[in-house]
Amino acid sequence: SIDNETWTEEYDYTARETAFKSMLAGRRRHGADGPPGLAKMVLDDLLFFRHSTREIQDQFARLELEGPIRRGVFHVVNSQELFRIQLELTNHGVKQTFRFWSEQQKSEYIAHASEIIGALRAMGFEACLGYGGVLSVVRDQDMIPHDDDIDVIVSAPREAFPVLNDFIAHVGTKLREAGFEEAGNFVSHRHVHRPGWSASVDLFFGFSEGPFVAWYPGPRQGLLREAVFPPIACTFFGVEILIPRNPFSYLEHVYGPSWARPQPGWNHGWIESEYADWFQPPSQSP
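Conventions we followed
Residues numbered from 1 in each chain as written. Predicted model: local features only at pLDDT ≥ 70, side-chain atom pairs only at ≥ 80, totals over all residues. Heavy atoms only, no water. Phe/Tyr/Trp six-rings, centres within 6.5 Å; stacked < 30°, edge-to-face > 60°. Helix = DSSP H or I, 4+ residues; strand = E, 2+ residues; numbered from the N terminus. Buried < 20%, exposed > 50% of the residue type's maximum accessible area, 1.4 Å probe, protein only. Lys NZ or Arg CZ within 6 Å of the ring centre and 35° of its normal. Contact = heavy atoms within 4.5 Å. Core = buried A, V, L, I, M, F, W, Y, C linked by side-chain atoms within 4.5 Å. Arc of directions from axis to C-beta. Expected span 1.5 Å × (residues − 1). Pairing = 2+ DSSP bridges. Lys, Arg positive; Asp, Glu negative; His and termini not counted. Salt bridge = Lys/Arg side-chain N within 4 Å of Asp/Glu carboxyl O. Polar contact = N/O pair within 3.5 Å; in protein donor to acceptor, adjacent residues only side chain to side chain. Axes fitted to C-alpha atoms, helices over the stretch in contact; angles between N-to-C directions. Parallel < 35°, antiparallel > 145°, perpendicular 65-115°, else oblique. Left-handed = near helix turned anticlockwise from the far one by under 90°.

**Student:** I'd like a description of the packing of aromatic side chains, backed by residues and values.
**Tutor:** What the rule picks out here adds up to 20 aromatic pairs. Judged by centre distance (5.5 Å) and plane angle (85 degrees), the ring pair of Tyr-216 and Phe-279 falls under edge-to-face. One end of the pair, Tyr-216, is in the loop between β8 (212–215) and β9 (232–236); the other, Phe-279, is in helix α9 (residues 276–279), with 63 residues separating them in the sequence. The class of Tyr-216 is buried, set by a relative accessible area of 2%. We classify Phe-279 as buried; its relative accessible area is 17%. Joined through ring pairs, the aromatic side chains of Phe-125, Phe-161, Phe-167, Phe-205, Phe-207, Tyr-216, Trp-270, Tyr-275, Trp-278 and Phe-279 make up one cluster. When the ring centre of Phe-180 is taken as origin, the NZ or CZ atom of Arg-194, which lies over that ring, is 3.8 Å away.

As structure tokens, this is what we get:
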């Protein structure tokens, strides 16, 4: 416009948006079969049509993406779409990961984990921080940026309970009596919190067997009980928290000899067959 009254149209966003949507629809109809084609279609949807986080999570649950493809898709979705609203697509779904938490939020969360550990020890069980929580303390000295929860491990003698579910049920009753709440029906862990907490703590149940101790989904054999219990105390975000007695041995057992360096795409083995006798009662002879 020269006079601010008479205008010449140079660009019509609405028309171009309509054309672009039509192009994306065509790609979905005629896209390649298999994970790469599906991943591209999902990216089109996520980055343009602004699906809800639940829809994003559901879409990725339907895809079979592995290795570099999965990591590449996650990176694009996060960097181009979700980070701007302080969310991240992870193996747990779409979450507000620790990279977006304040120091105060992290401190309160560690205090909650410490409270659960204290309650479990008061019941007579051995407990401390486990899994990624130990990595956070020892390797990162911070919460792992792409994670969104912290893990506590609790153990009982194998002979005390016929199967792991009995141990889980027993501890669940005790925790509810102490004012905690639990959620989930997972094979070896539960989400534990108190009313009003902003996030739950993952509580993993395991058994000590002779000189050894184990938790699924970690390796069954080779972790000495004396490397974990009695635990030692450290200060993390200003809160005293218990970690395995020899955290280096624990981390090498769970994550392998390269635990000190982040390993993109690393996952637990999740080999349930190694723990079959924990999950199933022994067969009865006729």
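Let's pick the thread back up.
**Student:** Account for the side chain of His-189, naming residues and giving values.
**Tutor:** By secondary structure assignment, the location of His-189 is in strand β6 (residues 189–193). Ignoring any residue separated from it by four or fewer positions in sequence, one finds His-189 in contact with Asp-202, Leu-203, Phe-204 and Phe-205.

**Student:** Mind laying out the nonpolar core, listing which residues take part and the relevant values?
**Tutor:** Nonpolar side chains tend toward joint burial in soluble globular proteins. Ranked by internal contacts, the top residues of the largest apolar core, which has 63 residues, are Leu-120, Leu-129, Phe-167, Leu-203, Trp-215, Val-228 and Tyr-250. For this core, the element with the highest residue contribution is helix α5 (residues 103–122), accounting for seven residues.

**Student:** Describe helix α8 (residues 247–255), naming the residues involved and giving the relevant values.
**Tutor:** Within α8 the residues assigned to the buried category are Pro-247, Tyr-250, Leu-251, His-253, Val-254 and Tyr-255. Looking down the long axis of α8, one finds its buried residues gathered within 165 degrees of arc, a one-sided arrangement. Taken together, the buried residues of α8 touch β3 (126–130), α6 (132–140), β4 (151–157), β9 and β10 (239–243). Trailing α8 by a residue or two, Gly-256 shows a phi angle of about 90 degrees, which is positive.

**Student:** Hey, could you go over α5 for me, with residue numbers and the actual values?
**Tutor:** With 20 residues, α5 extends 29 Å between its outermost C-alpha atoms, agreeing within 8% with the 28 Å of an ideal straight helix rising 1.5 Å per residue. Of the residues making up α5, those classed as buried are Lys-106, Ser-107, Tyr-109, Ile-110, His-112, Ala-113, Ile-116, Ile-117, Ala-119 and Leu-120. Once α5 ends, the next one or two residues include Gly-124, with phi positive near 100 degrees.

**Student:** So what about the pairing of β4? Which residues, and what values?
**Tutor:** Taken across its seven residues, β4 has six buried, putting it largely inside the fold. As defined by bridge partners, β3 adjoins β4 across five bridges and the pair is classed as antiparallel. For Glu-126, the partnering residue across the bridge sits in β4 and is Ser-155.

**Student:** Describe the side chain of Asp-151, and please don't skip the residues or the numbers.
**Tutor:** Assignment of secondary structure puts Asp-151 in strand β4. Despite being buried, Asp-151 has no salt bridge partner; Arg-139 is the closest side chain of opposite charge, sitting 12 Å away. Sequence-distant contacts of Asp-151, defined by excluding residues within four places in its chain, comprise Leu-129, Gly-130, Tyr-131, Gly-132, Asp-202 and Phe-204.

**Student:** For the environment of Glu-88, give the residues involved together with the corresponding values.
**Tutor:** Relative to the helices and strands, Glu-88 is located in strand β1 (residues 88–90). Note: C-alpha distance between Glu-88 and His-75 (13 residues apart in sequence) is 9.2 Å. Excluding residues that lie within four positions of it along the chain, Glu-88 makes contacts with Asn-78, Leu-82, Phe-83, Gly-93, Val-94, Lys-95, Thr-97, Arg-99, Phe-100, Pro-145 and His-146. Within the structure, the side chain of Glu-88 is placed 2.8 Å from the side chain of Arg-99, a separation counted as a polar contact.

**Student:** Break down the packing of α6 against α8 for me, citing the residues and quoting the values.
**Tutor:** Relative to each other, α6 and α8 sit at 130 degrees, their axes nearing to 10 Å. Considering their axes alone, α6 and α8 lie oblique with respect to each other. Helix-helix and strand crossings are classified by hand; for α6 and α8 the assignment is left-handed. Across the interface between the two elements, Gly-132, Val-134, Leu-135 and Val-138 from α6 touch Pro-247, Phe-248, Tyr-250, Leu-251 and Tyr-255 from α8.

**Student:** Report on the environment of Phe-236, specifying residues and quantitative values.
**Tutor:** By secondary structure assignment, the location of Phe-236 is in strand β9. The buried category is assigned to Phe-236, whose relative accessible area is 5%. Between the C-alpha atom of Phe-236 and that of Gln-141, which follows or precedes it by 95 residues, the distance is 7.8 Å. Apart from the residues within four sequence positions on either side, Phe-236 is in contact with Ile-110, Ser-136, Val-137, Gln-141, Asp-142, Met-143 and Ile-241.

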